[in-house]
Amino acid sequence: MINPKSELGTDSRSSQGNKHAVSLVHGLHTNQGHGQRMVRINPDANQLFTGAFSGLNMPQFAKLGTGISVAKCGYVVQRQQHGGAFYVRLAVPVYSAADHVYHGMLFVNLACSGPDSLEHHSIVKVLPSLWAHAVDDGKNCWVSGLSPAEDEPEYNPFYFAAAKLPSKLNQAGSTAISASSLFEFLSEAFRLLTLEDRNLYLGIMLQSNRFSKFLRYAASTRSHHNGDHGLLLHTAETVANILLDFLAASSWQRSIGKPAFDLSLTLLAALLHDAAKVDDYYRLAPDVYSTNLNCKLLGHEQTMLKWIGAACAVSGGYPVERELQLEHAICAVKRQHDQSGARKRKTAESFVLHDADCASARAFDKGEKSVLLAHHFVRGESV
């Protein structure tokens, strides 16, 4: 295992992203919500939470007493419009107010009269004073309005991913991976991206049902990570390998502020490199997948190029050269094929991503312990 402390030296770089990368390897398995914006929820005079927050009275949160904070945004799990009103089921991450440690998901059923103000949005602003006084009809808590929050500068899709998954994700061996710690790791890794790279990821993955499928689908039909959530786990392992690669750089490179590769661009490429497989597969049954026509005629890499191009065209502000570097990192190959158009790897980012990707697949095929567990990026739990 790489020892981050032995490599740090007297790093004088001012880049917050690079310092943050170091903190990831130093132990995000503590499961603290460092990047999540949250607000403390206070119960009423008789020490009970009311309105939409009444779920905080449940036994799973009782040990926190009144020291409870929730995220400032909730994730839309379900939505429905009926009889002049719209109804949403939200998942809101819950933390202890003292140390910001994640303790689970609060599910809230809200209703609001009028047209659906959340159409095409998946994140809702949490309004404590309004929600605490919501009228509970036994099924839903009625509020006067709901507002989307996807324009929030700190919006991070991985904060809410645990709402769509089981608490433990099985992998090879007798140890499962804690889903909450996995998403804490990925949410922190997402924060390492530059603002323009984060916005591009959101512009790509929040379209249609891509992100939800990404959380659930396999990474292959018969090879590595071929069960449910395999794509998510393989992507997280690729990200972890890149972070370890970054920390393995010489102290001299860090001291002059010139790392061997662009960390944000490489992490973005890792998060996207296999994501278009959600358009390549049919999910026939739990852990059973089959390829479709898109896979047979186009493939996930070419599909991702289309997604990147479309998102960049919509945003209009993503640098053209950086777009090309991202596409090259994802699609470059070992040997150039002029007739097919494939290009040989030329950039540091393309080599780092390739090595990190292969390391994850190779470890799975050999039955080795996941890099996520071996280097304590996440918590393990017995199966």
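Residues numbered from 1 in each chain as written. Predicted model: local features only at pLDDT ≥ 70, side-chain atom pairs only at ≥ 80, totals over all residues. Heavy atoms only, no water.

**Quick look at the packing of aromatic side chains**
Within the structure shown, the criterion is met by 11 aromatic pairs. Between Phe-190 and Tyr-201 the ring centres are 5.6 Å apart and the planes differ by 65°, which places this aromatic pair in the edge-to-face class. With Phe-190 in helix α5 (residues 179-191) and Tyr-201 in helix α6 (residues 195-205), this residue pair connects regions lying 11 residues apart in the sequence. Tyr-201 carries the same exposure label as Phe-190, and that label is buried. (Phe/Tyr/Trp six-rings, centres within 6.5 Å; stacked < 30°, edge-to-face > 60°. Helix = DSSP H or I, 4+ residues; strand = E, 2+ residues; numbered from the N terminus. Buried < 20%, exposed > 50% of the residue type's maximum accessible area, 1.4 Å probe, protein only.)

**Quick look at the sheet that holds strand β13 (residues 380-382)**
If you walk across this open sheet you meet the 3 strands as β9-β10-β13, and the pairing is antiparallel. What marks the edges here is a single partner per strand, and that holds for β9 (168-169) and β13. Bridge analysis of β9 against strand β10 (residues 175-178) gives 2 bridges, and the strand direction is antiparallel. Note that in β10 the partner of Leu-169 across the bridge is Ile-177. Against the sheet, α5 makes contact with β9 and β10, and its axis sits at roughly 55° relative to β10, the strand it touches most. (Pairing = 2+ DSSP bridges. Contact = heavy atoms within 4.5 Å. Axes fitted to C-alpha atoms, helices over the stretch in contact; angles between N-to-C directions.)

**Notes on the nonpolar core**
Counting 83 residues, the largest nonpolar core has Leu-182, Phe-183, Phe-185, Tyr-201 and Phe-214 as the members making the most contacts within it. Among the elements that line this core, the one with the most residues is helix α8 (residues 230-247), at 11 residues. Among the nonpolar cores identified, the runner-up in size contains 27 residues, and Phe-49, Leu-56, Ile-68 and Trp-131 belong to it. (Core = buried A, V, L, I, M, F, W, Y, C linked by side-chain atoms within 4.5 Å.)

**So, the confidence of the model for the chain**
Low pLDDT means the predicted coordinates in that region are not meant to be read closely. Looking at the chain, the pLDDT average stands at 83 and 83% of residues meet or exceed 70. Mean pLDDT values over the elements of the chain span from 32, in helix α1 (residues 4-8), up to 97, in helix α10 (residues 263-272). Across residues 1-15, confidence stays below pLDDT 50; counting only partners more than four residues off in sequence or on other chains, it has 28 contacts. Across residues 27-34, where pLDDT falls below 50, the model places 29 contacts with residues more than four positions away in sequence or in other chains. (pLDDT = per-residue confidence, 0-100.)

**Brief notes about the environment of Tyr-87**
Within the secondary structure, Tyr-87 sits in strand β4 (residues 85-96). For the pair Tyr-87 and Cys-141, spaced 54 residues apart in sequence, the C-alpha to C-alpha distance is 9.4 Å. Among all residues touching Tyr-87, those that are not within four sequence positions of it are Gln-78, Arg-79, Gln-80, His-82, Leu-110, Ala-111, Asn-140 and Trp-142.

**Looking at the pattern of salt bridges**
The final tally for this structure, using the stated rule, is 6 salt bridges. Across the salt bridge formed by Glu-188 and Arg-191, the nearest N and O atoms sit 2.8 Å from each other. Pair noted here: Glu-188 and Arg-191 are both in helix α5, with a separation of 3 residues, about one helical turn. Overall, the relative accessible area of 1% leaves Glu-188 in the buried class. Connected through shared salt-bridge partners, Glu-196, Asp-197, Asp-262 and Arg-322 make up one network. (Salt bridge = Lys/Arg side-chain N within 4 Å of Asp/Glu carboxyl O.)

**Observations concerning a nonpolar patch on the surface**
Judged by side-chain polarity, Tyr-282, Leu-284 and Val-288 come together as a nonpolar surface patch covering roughly 310 Å² of accessible area. Inspection of the secondary structure puts Leu-284 in strand β11 (residues 281-285). (Patch = residues over 30% accessible without salt bridge, like charges linked within 9 Å, V, L, I, M, F, W, Y side chains within 5 Å. Areas by Shrake-Rupley, 256 points an atom, 1.4 Å probe, with all protein chains shown as cover.)

**Overview of the environment of Asp-262**
Note on placement: Asp-262 falls in the loop between α9 (251-255) and α10. Along the primary structure Asp-262 and Phe-246 are separated by 16 residues, whereas in three dimensions their C-alpha atoms are 9.3 Å apart. When neighbours within four sequence positions are excluded, Asp-262 is seen to be in contact with Arg-322 and Glu-349. Of the polar contacts made by the side chain of Asp-262, one reaches the backbone nitrogen of Ser-264; its length is 3.2 Å. Within the structure, the side chain of Asp-262 is placed 2.9 Å from the side chain of Arg-322, a separation counted as a polar contact. (Polar contact = N/O pair within 3.5 Å; in protein donor to acceptor, adjacent residues only side chain to side chain.)

**Digging into the packing of α8 against α10**
Their axes nearest at 9 Å, the elements α8 and α10 cross at an angle of 160°. The pairing of α8 with α10 is recorded here as roughly antiparallel in orientation. Seen from above, α8 lies across α10 with right-handed handedness. Counting all contacts with α8, which are made through Thr-235, Thr-238, Val-239, Ile-242, Leu-243 and Phe-246, the residues of α10 involved are Leu-263, Thr-266, Leu-267, Ala-270 and Leu-271. Here the residues of the contact of α8 with α10 are counted per class, giving 8 nonpolar, 3 polar and no charged. (Parallel < 35°, antiparallel > 145°, perpendicular 65-115°, else oblique. Left-handed = near helix turned anticlockwise from the far one by under 90°. Nonpolar A, V, L, I, M, F, W, Y, C, P; charged D, E, K, R; others polar.)

**Section: the pairing of strand β3 (residues 73-82)**
As paired elements, β3 and strand β6 (residues 123-125) share 3 bridges and run antiparallel to each other. Across the sheet, Cys-73 pairs through a bridge with Lys-125, a residue of β6. For β3 and β4, the ladder comprises 7 bridges, and the chain directions are antiparallel. Directly across from His-82, in β4, lies its bridge partner Ala-85.

**Structural notes on unusual backbone geometry**
Unlike most non-glycine residues, Asp-287 shows phi in positive territory, near 65°. One can find Asp-287 in the loop between β11 and β12 (288-291). One non-glycine residue, His-376, lies in positive phi territory at about 60°.

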